[in-house]
Amino acid sequence: MRLARIALGGSGSTGASRTAVVEGEQLLVLPADAPTIDDLVRLGLAAALAAVEELLPAAETVALADAVLLAPLARFNRDILCTGWNYTDHFYESLGKRAGQGPDEMPEHPTFFTKGPGVVIGPGDPIAFDAALSAKWDYEAEVALVIGTRGRSLRAETAADHVFGYFVANDVSQRDLQRQHGGQWLKGKSVDGTMPIGPWITTADEVDLDALHLSLTINGELRQNSSATAMAFPVPVLLEELSRGMTLEAGDVLLTGTPSGIGSAREPAVFLADGDEIVTRVDGLGELRNRVTATDLTSPA
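The model shown is predicted, which means the values in this text are computed figures rather than measured ones.

The rules we used
Residues numbered from 1 in each chain as written. Predicted model: local features only at pLDDT ≥ 70, side-chain atom pairs only at ≥ 80, totals over all residues. Heavy atoms only, no water. Core = buried A, V, L, I, M, F, W, Y, C linked by side-chain atoms within 4.5 Å. Buried < 20%, exposed > 50% of the residue type's maximum accessible area, 1.4 Å probe, protein only. Helix = DSSP H or I, 4+ residues; strand = E, 2+ residues; numbered from the N terminus. Contact = heavy atoms within 4.5 Å. Pairing = 2+ DSSP bridges. Axes fitted to C-alpha atoms, helices over the stretch in contact; angles between N-to-C directions. Phe/Tyr/Trp six-rings, centres within 6.5 Å; stacked < 30°, edge-to-face > 60°. Arc of directions from axis to C-beta.

> Report on the nonpolar core, specifying residues and quantitative values.
Counting 60 residues, the largest nonpolar core has Phe164, Tyr166 and Leu239 as the members making the most contacts within it. Where this core is concerned, the elements lending two or more residues are α1 (37-43), α2 (45-55), β6 (80-84), β11 (141-147), β12 (163-170), β14 (195-203), α6 (235-243) and β17 (253-255). By residue number, the principal contributor to this core is β12, which donates six residues. Contact partners of Leu239, with chain neighbours within four places excluded, come to Leu145, Ile147, Ala159, Ala160, Val163, Leu248 and Leu254. Among the nonpolar cores identified, the runner-up in size contains 14 residues, and Ile127, Phe129, Leu272 and Val292 belong to it.

Below, the structure written as structure tokens:
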């Protein structure tokens, strides 16, 4: 099942949102008092699917083109959990280009970091861009997941059973901020309004991780292109390692890493600019279509 959070009538992100089921080019819009996707996630996958099925007879059919797709998740337990260097080709493409930060060999265990939830925007929203804040804006196509069943010290064999669903993310990053704040990544990954997610959540029962293929284009030029099978640490291993001694709660979001092709690793480096259109796609999960848009992020607010 594909679950979307939408605004009807072109009201955009400021309008009242509704929960909908995506079927082809149509939306089955659930009643106004239906649970949000955040509510459904916290029910767990089986209970959520049953709840939606019960509400479908009362759903209104609307053309997908007549609705605005919003970020499917809007309520976060904590910072967004992220994975670094999870594609071997990506690790080595930036070797020697990380300002002396990071190891020289592929790590034996996954690398984790977090980014603030204020980064999240919708699948068609503008990506905030302020050249006064950073001179090195980069892109990262990723498969993301949301936990549906809490657990600690999970085993790889059953860890994926704790996933509610999967979606697409673009982990837009500011490489200079990433380097200049002590070598940790929080600051260069947490700029407001810079990470589109969506376009909906595809529930885990309908996702074959081995069939997922990531791509990213900028102004029509292909920059990233990889199968999710190229992950150095597959999703079950990520969840096993991340949850060791640390409880994952329903609603927690995890990004699983990006493949090669990032702008900062190119010769010469190519960074995002105002007006760039980015299309981030994962076959089987959908696509994000966002425009980099000049925004004042450095004035006090």
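Next comes the rest of the write-up.
> Quick one: what's the story with the pairing of β12, residue by residue and with numbers?
Most of β12 is tucked away, with eight of its eight residues classed as buried. Of the strand pairs in this sheet, β11 and β12 are connected by seven bridges, and their pairing is antiparallel. Following the sheet pairing, Glu142 is matched in β12 by Ala169. Bridging between β12 and β14 involves four bridges; their strand directions are antiparallel. Across the sheet, Gly165 pairs through a bridge with Thr203, a residue of β14.

> Which residues make up the sheet that holds strand β9 (residues 127-129), and what are the values?
As summarised here, the arrangement of the five strands in space is β9-β19-β18-β15-β16, forming an open sheet in which the pairing is mixed. Each end of this open sheet is capped by a strand with a single partner; those strands are β9 and β16 (221-227). On average, adjacent strands in this sheet sit at an angle of 15° to one another, irrespective of strand direction. Across six bridges, strand β15 (residues 213-218) lies against β16 in antiparallel orientation. Pairing of Leu216 across the sheet is with Gln224, part of β16.

> Can you break down the packing of aromatic side chains residue by residue, with the values?
The tally for this structure, following the rule as stated, stands at five aromatic pairs. Plain terms: the ring middles of Trp85 and Phe91 are 5.6 Å apart, the flat faces sit at 85° to each other, and that makes the pair edge-to-face. Like Phe91, Trp85 is buried. The interplanar angle of 90° and the centroid separation of 5.1 Å between the aromatic rings of Trp85 and Trp185 together place this pair among those described as edge-to-face.

> Would you mind going over α2 in detail, with residue names and values included?
Residues lying three or four places apart along an α-helix face the same way, a consequence of the helix completing one turn every 3.6 residues. Along α2, the residues that are buried comprise Leu45, Ala48, Leu49 and Val52. What you see down the axis of α2 is that its buried residues fit within an arc of 100°, all on one side. Turned more than 90 degrees away from the buried face of α2, the exposed residues are Ala46 and Glu54. Where α2 is buried, its residues contact β1 (2-8), β2 (18-23), α1, β12 and β14.

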